[in-house]
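The residues making up each chain are set out below.
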Amino acid sequence: MLSLRPTEQVKARVAVAVMAGKGAAVASRLLGRGGGTALPGLVAERVDGTIVRDLGRQLGRGSVLVTGTNGKTTTSRILARALQEARIASLHNREGSNLMRGIASELIARAGPFGRIPAAAETLGLFETDEATLPAAAASLAPRAIAFTNLFRDQLDRYGEVDTVAALWRDALALTPKDATLVLNADDPSVAELADGWAGPIHWFGLDDPAFATEQVGAVDARWCRTCGGSFAYSRRYFAHAGWWRCTGCGRARAETETTATDIRLELERATFRVSGVGEVTMPLTGLYNVSNALAAVALAKILELPAAAVVAGLAGVRPAFGRQELVELEGRRLRLMLCKNPAGANQVFRLLAAIDPGPGLNVAVLLNDRFADGRDVSWIWDVDYEIVKDRLAACWASGDRVEDMALRLRYAGWPSPEAVKGPAALLDAVLAATHAGNDVFLVPTYTALLDLRAELARRGAVREFWKND
Ligand SMILES: [Zn+2]
C-alpha cells in the first residue's frame, strides 16, 4: 500500500497538473487552435487550483507584475528585453494571456514533467497582469514589485467603472508582501492614490517636458479627488487626466519622481528622450504614452539593479506589440495598424497623427466593432478628439460592425466625406483604390476589428498569423 506524505502529495498534484496542461497545449496545436496561451493553464488549474503559487514560488529571483489600463504589454516587453540584455533568466507571459490561466500556461510551458522549473533559482518572473486579475496574481505570486502604468476607462461592460478597478487594486495591495516596491505613475492621480496607506517602498515615475503640455481636455476619467471629493487643477496636462496635477480641496499633488523623462522628441517610428540615471535613449515606439510606459519599465529595471547599458539596449531593441504601431506592407502601401481600446488610447493616437508631418495628407481608416472584447457600448467614440486631424486628411474611411456610428462621428468631427465600408476586405479594396504604392495608411481599429483586419491581411499574404509572430 503506497501512502504519500503531504509534501509529496503536493508535488504529485503539481506534476499531474503540469502534465495535463502540457497535454492540452499539444492538443490545442494539433487542432489548429493557435498558440495555446490560455487552455493549458485552464486545464492545469482544474487539477491544481494553486498551480500558479506552486510553480511561481519556485522562482528564486521572485516576480514582478505589470498592470494598468494601457501600456502593460509595452512596459513588459521593454523590461523583458532589458533582462535579456543583462543576461538575467526570466519568464514572461505573452500578450493576451494576462489572466491567471495565461500566467499558469507560461509557468507550465517552462516547467519540466515533474513540475520543476529548470534553473528556477536564477529566474525572475515577469507577469503582465490584467487589472481585474491583480488580486489573485498578487496573492499567488507574492511579487517583489508591482508597476501601475495608468488607469483609464476601458471596456465598460467588463469592469463597470474606473472606481471598480481602483478598488480591486487596493484589494490586491492588501494581499501583497509589505516590503514589495510599488512603481507608480506620478502623472496619473488615480494611480498615485495607491500610495495612500502603503507603508512599503514606492518608486515614482513621470514625464517632465513642458513642450507636450496641452490645453485640450480630451477624455478625463479621474475628475474628482477620491480623498476629499475636490477637483484637480493642472499646471501641465499631457493627455486625458495625466499631467502635473494638484487637488484644489486637500492639496494632494503629484509626487516628485525618481525616474523622469525630459527632452522628449517624437517621430513617426521612434521616440528619443533623456531618462534620469540612464542618459539619452531611443526606442522604436512613439507617442507620449509610450514614453510613459517606457518609464515604468526603466523604474522596474532600476529596482532590479540592471545596468544602464542593458536598459538603453532594451529600449532600443523592443518590438512593437501585436497591433500597436505595427507596419504591414500591402501592394506597396505601408499600412500602420494602431490599436485603440478606449477613448484615452484613441486620443493619444490622434494626437500623434496630428503631430507628425504627413506630407501630402493623412490616409486614415477608423474601424469600430462592439463585440464583447471591444466593449458593447460604443458611446466612447464621442469622447475622442477626431477633430484634431480633420484639416490634415487626404483620404478617410469608417469601417467595422458599427460602421454607420463611426461614419456619423467622423462626419460630425468635420472629416471630409468619410467613406463607409463595412468589412475588412471591402475596406482594403477601398484603401488600395484611393492610394498609391509608397503611401502610408493609418488603420485605427478596436480589438476584434484588428483581429478581422489581420485575418484578411493574412488571407492576402500580407502578414503571418499573429500567434506565430514571436
Ligand atoms: Zn483632495
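Residues numbered from 1 in each chain as written. Predicted model: local features only at pLDDT ≥ 70, side-chain atom pairs only at ≥ 80, totals over all residues.

(A) Focus on the packing of helix α2 (residues 39-47) against helix α5 (residues 100-110). At a minimum axis separation of 7 Å, α2 and α5 run at an interaxial angle of 95°. Considered as vectors, α2 and α5 are oriented roughly perpendicular to each other. In this structure, α2 contributes Pro40, Gly41, Leu42, Ala44 and Glu45 to the contact, and α5 contributes Arg101, Gly102, Ile103, Ala104, Ser105 and Ile108. Residue composition of the contact of α2 with α5, grouped by class: six nonpolar, three polar and two charged. (Axes fitted to C-alpha atoms, helices over the stretch in contact; angles between N-to-C directions. Helix = DSSP H or I, 4+ residues; strand = E, 2+ residues; numbered from the N terminus. Parallel < 35°, antiparallel > 145°, perpendicular 65-115°, else oblique. Contact = placed C-beta atoms within 7 Å. Nonpolar A, V, L, I, M, F, W, Y, C, P; charged D, E, K, R; others polar.)

(B) Representation of the pairing of strand β1 (residues 63-67) in the model. Burial runs high along β1: five of the five residues are buried. Judged from the four bridges that link them, β1 and strand β3 (residues 124-128) form a sheet pairing that is parallel. Paired with Leu65 across the strands is Phe127, a residue of β3. (Buried ≥ 20, exposed ≤ 12 C-beta atoms within 10 Å, placed from the backbone. Pairing = 2+ DSSP bridges.)

(C) Molecular detail of helix α11 (residues 308-317). Turning to α11, its buried residues are Val311, Val312, Gly314 and Leu315. An end-on view of α11 places all buried positions within 160° of arc, on one side of the element. Contacts made by the buried residues of α11 are with α4 (72-85), β11 (279-283) and α10 (288-303). (Arc of directions from axis to C-beta.)

(D) A look at the sheet that holds strand β9 (residues 259-266). Sheet architecture is open: nine strands sit in the order β2-β3-β1-β4-β5-β6-β9-β10-β11, paired in mixed fashion. Two strands lie at the open edges of the sheet, namely β2 (90-92) and β11, each paired on one side alone. Averaged over neighbouring strand pairs, the angle between their axes works out to 20° when direction is ignored. Of the pairings in the sheet, the one linking strand β6 (residues 202-207) to β9 comprises three bridges and is parallel in character. Looking at β9, one finds that Gly206 is bridged to Thr260. Seen against the sheet, α4 touches β1, β2, β3 and β4 (145-148) and runs at an angle of roughly 160° to β3.

Everything listed here is a matter of coordinates, which is why it stays silent on function.
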